[in-house]
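Residue-level structural notes
Each chain, letter by letter, is given below.
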Amino acid sequence: MAMITVSEAVKRIREAGHDISEEYSDEKCVEFLNTAIQQVSSLLVSSSWPMLLREAKVRNGDTLPDNFMKPAGNYPIRMTNGRVEIVDDAYNVVRFRYFTTPANVTIEDDMPFEHDGVNDVILRSAVILALNENEYDVSQDTAIMTALQQAIASGMA
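Residues numbered from 1 in each chain as written. Predicted model: local features only at pLDDT ≥ 70, side-chain atom pairs only at ≥ 80, totals over all residues. Heavy atoms only, no water.

Quick look at the sheet that holds strand S5 (residues 93-100)
Either a parallel or an antiparallel arrangement is found when strands of a sheet pair, and the pairing is made through backbone hydrogen bonds. Reading across from one edge, S1-S5-S2 is the order of the three strands in this open sheet, with antiparallel pairing throughout. Unpaired on one side and paired on the other, strand S1 (53-59) and strand S2 (68-71) mark the two borders of the sheet. When the angles between neighbouring strand axes are averaged without regard to direction, this sheet yields 50°. Taken together, the three bridges between S2 and S5 define a ladder with antiparallel strand orientation. What sits directly across from Pro 71, in S5, is Tyr 98. Sheet strands touched by helix H2 (residues 26-46): S2 and S5. Its angle to S2, the strand with the most contacts, is close to 5°. (Pairing = 2+ DSSP bridges. Helix = DSSP H or I, 4+ residues; strand = E, 2+ residues; numbered from the N terminus. Axes fitted to C-alpha atoms, helices over the stretch in contact; angles between N-to-C directions. Contact = heavy atoms within 4.5 Å.)

Pasting the structure below:
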């Protein structure tokens with residue numbers, strides 16, 4: 001699959017959902033994709049997938065980086081209400097590593113991952129979200145997706 005565009009992903013969501021009348025707008029399909037991206041990313045963060053690792057320098061009072069999920073290690077900082085507090089007076093600035101989820105995508109973007117398996121799970125999750133919106137029975141699909149997500153998470157860890 002390699003790197004695909006969001007517009008290609010939207011096309012695949014419509015095909016998989018047999019949406020020949022384009023009942024789902026581009027915006028709605030992108031919404032399904034963004035939800036699936038956040039769900040899969042959160043699972044990968046819980047497995048400490050290194051592709052979602054970032055680094056930042058912070059000072060007292062700084063806000064946490066966008067889409068911050070959890071620190072990657074122990075640092076002399078406390079995070080409360082989205083703000084950083086350095087708890088060791090020996091530091092004015094702390095460089096720390098943290099896990100994040102990708103920013104939301106738009107129709108003009110590429111998918112946020114260059115990994116076929118992750119993109120496939122995101123697409124399948126988005127399709128299930130779309131079908132669920134129309135009250136299809138997606139229980140079997142959901143069980144398969146849960147197993148796929150767990151397999152990917154354990155394989156990435």
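Some details on the pattern of salt bridges
For the structure on display, the rule yields six salt bridges. Salt-bridge contacts for Arg 95 lead to Glu 55; the nearest nitrogen and oxygen are separated by 3.3 Å. Here Arg 95 is found in strand S5, whereas its partner Glu 55 is found in strand S1, with 40 residues between them in sequence. Judged by relative accessible area, Arg 95 falls into the exposed class, the value being 55%. A salt bridge links Asp 120 to Arg 124; the shortest N-O distance between them is 3.0 Å. (Salt bridge = Lys/Arg side-chain N within 4 Å of Asp/Glu carboxyl O. Buried < 20%, exposed > 50% of the residue type's maximum accessible area, 1.4 Å probe, protein only.)

Thoughts on the side chain of Thr 101
Looking at where Thr 101 falls in the secondary structure, it is placed in the loop between S5 and helix H3 (116-133). Its relative accessible area of 5% is what places Thr 101 among the buried residues. Of note is the side chain of Thr 101, whose polar atom sits 2.8 Å from the side chain of Gln 38. In this view, Thr 101 contacts Gln 38, Ser 41, Ser 42, Val 45, Asn 67 and Met 69; residues no more than four positions away in its chain are not counted. (Polar contact = N/O pair within 3.5 Å; in protein donor to acceptor, adjacent residues only side chain to side chain.)

None of this, on its own, says anything about what the molecule does.
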